[in-house]
Amino acid sequence: MRVGFFLDLNRCIGCRACEGACQNWKGPGFPLRRVQAFAGRVKGRWQEYYLSLACNHCENPECFRVCPARTYNKRRDGIVLHNSGRCSGCNRCVRACPFGAPRYNLTIGKVEKCDLCVERIDNGLPPACVEACPVKALQVLQLDEGKELGERWVPGLADVNITRPTLRLKAPEEGERFFLVG
């Protein structure tokens, strides 16, 4: 069974607890999850929403395809892993990912990315970011074949036809147009 993230855009309050939990769990450096503000036109008026993003563990990950050192692999459950021991720091994966998930760490001279806290998942625990969300906007989904939960992406934010991210969103109802704020 495949797993992926689910984010309810109506619930996320932009508190960044998920960012802090990611950084605390993974250690010093930068969080591998980021919260970005974006605006949406819903029922004729503009509203601000928050998009909590990490690796989307895509069905067709570009990072996997472009890496010359073959540092990426994909588990049966769909989790895309990065072996930093093999990483040369060429940044091809960073440039190829439309979501900015792989990030170059200047301290170690290699790329890092979210692994969905695979060691926690393997022990029956949720990822640190999911556990930290005070409003339960961020969750882990079991993605069954043929069963779609939520939207694959919010129109206007990015093209997802190539990579097919496993992230599912509960978008604001009757949304007309969306764009990233900053």
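As annotated in an unreviewed UniProt entry, the protein carries the name Fe-S-cluster-containing hydrogenase components 1 and is attributed to Moorella thermoacetica Y72.

Caption draft 1: Examining the confidence of the model for the protein more closely. On average, residues of the protein score 85 in pLDDT, and 86% of them reach the 70 mark or higher. Here strand 10 (residues 175–180) is the element of the protein with the lowest mean pLDDT, 54, and helix 5 (residues 128–132) is the one with the highest, 97.

Caption draft 2: Summary view of the layout of surface pockets. The volume enclosed by the largest pocket comes to roughly 250 Å³. Along the walls of the largest pocket sit 17 residues, with Lys26, Leu32, Glu112, Lys113 and Asp115 positioned nearest its centre. Residue assignment for the lining of the largest pocket shows that the elements contributing at least two residues are strand 5 (80–82) and strand 7 (110–112). Per-element tally for the lining of the largest pocket: the top contributor is strand 5, with 3 residues.

Caption draft 3: Representation of the side chain of Arg120 in the model. Tracing the backbone through its elements, the reader meets Arg120 in helix 4 (residues 118–121). Contacts of Arg120, omitting those with residues within four sequence positions, involve Trp25, Leu125, Pro126, Pro127, Ala128 and Glu131.

Caption draft 4: Quick peek at the nonpolar core. Grouped together as the largest cluster of nonpolar side chains are 32 residues, with contacts concentrated most on Phe5, Leu7, Leu51 and Leu138. If you list the elements that add at least two residues to this core, you get strand 1 (2–8), helix 1 (17–26), strand 2 (34–42), strand 3 (45–53) and helix 5. Val66, Val80, Cys87 and Val111 belong to the second-largest nonpolar core, a separate cluster that totals 8 residues.

Caption draft 5: Layout of the environment of Gly78. On the secondary structure map, Gly78 appears in the loop between strand 4 (72–74) and strand 5. For Gly78, a relative accessible area of 6% translates into the label buried. On a C-alpha basis, the gap between Gly78 and Thr166 in space is 8.5 Å, while along the polypeptide they are 88 residues apart.

Caption draft 6: Broad picture of the sheet that holds strand 1. Read from one edge to the other, the open sheet built from 3 strands follows the order 8-1-9, with strand pairing classed as mixed. If you trace the sheet from one side to the other, it starts and ends with strand 8 (138–143) and strand 9 (168–170), each paired once. Strand-to-strand twist across the sheet, computed as the mean angle between neighbouring axes with direction ignored, equals 30°. Here strand 1 runs beside strand 9; their pairing, made up of 3 bridges, is parallel. Residue pairing for strand 9: Asp8 is matched across the bridge by Lys170.

Reading guide: rules and limits
- Residues numbered from 1 in each chain as written.
- Predicted model: local features only at pLDDT ≥ 70, side-chain atom pairs only at ≥ 80, totals over all residues.
- Heavy atoms only, no water.
- pLDDT = per-residue confidence, 0-100.
- Helix = DSSP H or I, 4+ residues; strand = E, 2+ residues; numbered from the N terminus.
- 1 Å grid on protein atoms, 1.4 Å probe; cavity = no way out; pocket = protein on both sides within 12 Å on 5 of 7 lines; lining within 4 Å.
- Points joined across faces, edges and corners; volume = space filled by probe spheres on them.
- Contact = heavy atoms within 4.5 Å.
- Core = buried A, V, L, I, M, F, W, Y, C linked by side-chain atoms within 4.5 Å.
- Buried < 20%, exposed > 50% of the residue type's maximum accessible area, 1.4 Å probe, protein only.
- Pairing = 2+ DSSP bridges.
- Axes fitted to C-alpha atoms, helices over the stretch in contact; angles between N-to-C directions.

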